[in-house]
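Each chain is listed here by its residues.
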Amino acid sequence: MITAAQIRAARALLGIDQRQLAEMAGVSLPTIQRMEASAGNVRGVVETLTKVVEAFDRAGVELIGENAVSREGGRGVRFKRAKP
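Not measured: the values here are computed from a predicted model. Position numbers for residues count from 1 along each chain, tracking the sequence in the order it is written. Under the rules for a predicted model, residues below a pLDDT of 70 receive no local features and side-chain atom pairs below 80 are neither given nor counted, while totals for whole chains, interfaces and linings still include all residues. As a convention, hydrogens and water are excluded, and side-chain values are obtained from all of the structure's heavy atoms.

Observations regarding helix 2 (residues 18-25)
Because the α-helix completes a turn every 3.6 residues, residues three or four places apart line up on one side. Burial classes follow relative accessibility: with a 1.4 Å probe on protein chains only, a residue under 20% of its type's maximum area counts as buried, one over 50% as exposed, and anything between as partly exposed. Here a helix means four or more residues in a row that DSSP labels H or I, a strand means two or more in a row labelled E, and each is numbered from the N terminus. When we look at burial in helix 2, the residues that qualify are Leu21, Ala22 and Ala25. Around the axis of helix 2, the buried residues are gathered within 100° of arc, so they sit on the same side. Buried residues in helix 2 make contact with helix 1 (4-14), helix 3 (29-37) and helix 4 (46-59). The opening residue of helix 2, the one whose side-chain oxygen lies 3.2 Å from the backbone nitrogen of Arg19, is Asp17. Looking one or two places after helix 2, you find Gly26, whose phi comes out positive at around 70°. What the arc measures is the spread of directions leading from the helix axis to the C-beta atoms. Residues count as neighbours in contact if any of their non-hydrogen atoms are within 4.5 Å of one another. Counted as a polar contact is a pair of N or O atoms within 3.5 Å, where, for protein atoms, one must be capable of donating a hydrogen and the other of accepting one, and residues adjacent in sequence contribute only when both atoms are in side chains.

Structural notes on the pattern of salt bridges
Each salt bridge in this description consists of a side-chain nitrogen of Lys or Arg and a carboxyl oxygen of Asp or Glu lying within 4 Å of one another. One pass over the structure, following the stated rule, counts two salt bridges. For Glu47, the salt bridge is made with Lys51, and the minimal N-O distance between the two is 3.8 Å. In this pair, Glu47 and Lys51 are both assigned in helix 4, four residues apart and thus about one turn of the helix distant. The exposed category is assigned to Glu47, whose relative accessible area is 54%.

Here's the deal with the packing of helix 2 against helix 4
To obtain each axis, a line is fitted to C-alpha atoms, and for helices this fit is confined to the stretch in contact; angles are then taken between N-to-C directions over 0 to 180 degrees. Where helix 2 contacts helix 4, the axes come no closer than 8 Å and their chain directions differ by 95°. Between helix 2 and helix 4, the angle falls in the class roughly perpendicular. Counted together, Leu21, Met24 and Ala25 of helix 2 and Lys51, Val52, Ala55, Phe56, Arg58 and Ala59 of helix 4 form the full contact between these two elements. Of the residues assigned to the contact of helix 2 with helix 4, the class counts are seven nonpolar, no polar and two charged. Throughout, the term roughly parallel applies to angles under 35 degrees, roughly antiparallel to angles over 145, roughly perpendicular to angles from 65 to 115, and oblique to all others. Any residue that is not Ala, Val, Leu, Ile, Met, Phe, Trp, Tyr, Cys, Pro, Asp, Glu, Lys or Arg is counted as polar, Gly included; the first ten are nonpolar and the last four charged.

So, in structure tokens, the structure goes:
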């Protein structure tokens, strides 16, 4: 699962706008806009979500899920686990 905040942060890391991400992923601009307007986890067609994640991967950005370990060990940013 990916969140709207992760998508926005990944775009910021790459210095691209929504239109550029849409082109990289082969999806429409309104699709990216809807994804980023989501509250919490992005919902949508699995194929579309996969295209976005793969576009980030090709560009060198890894989206790290909660409680997941980074595969490549590169630099990154993530939220710390919330304290109860």
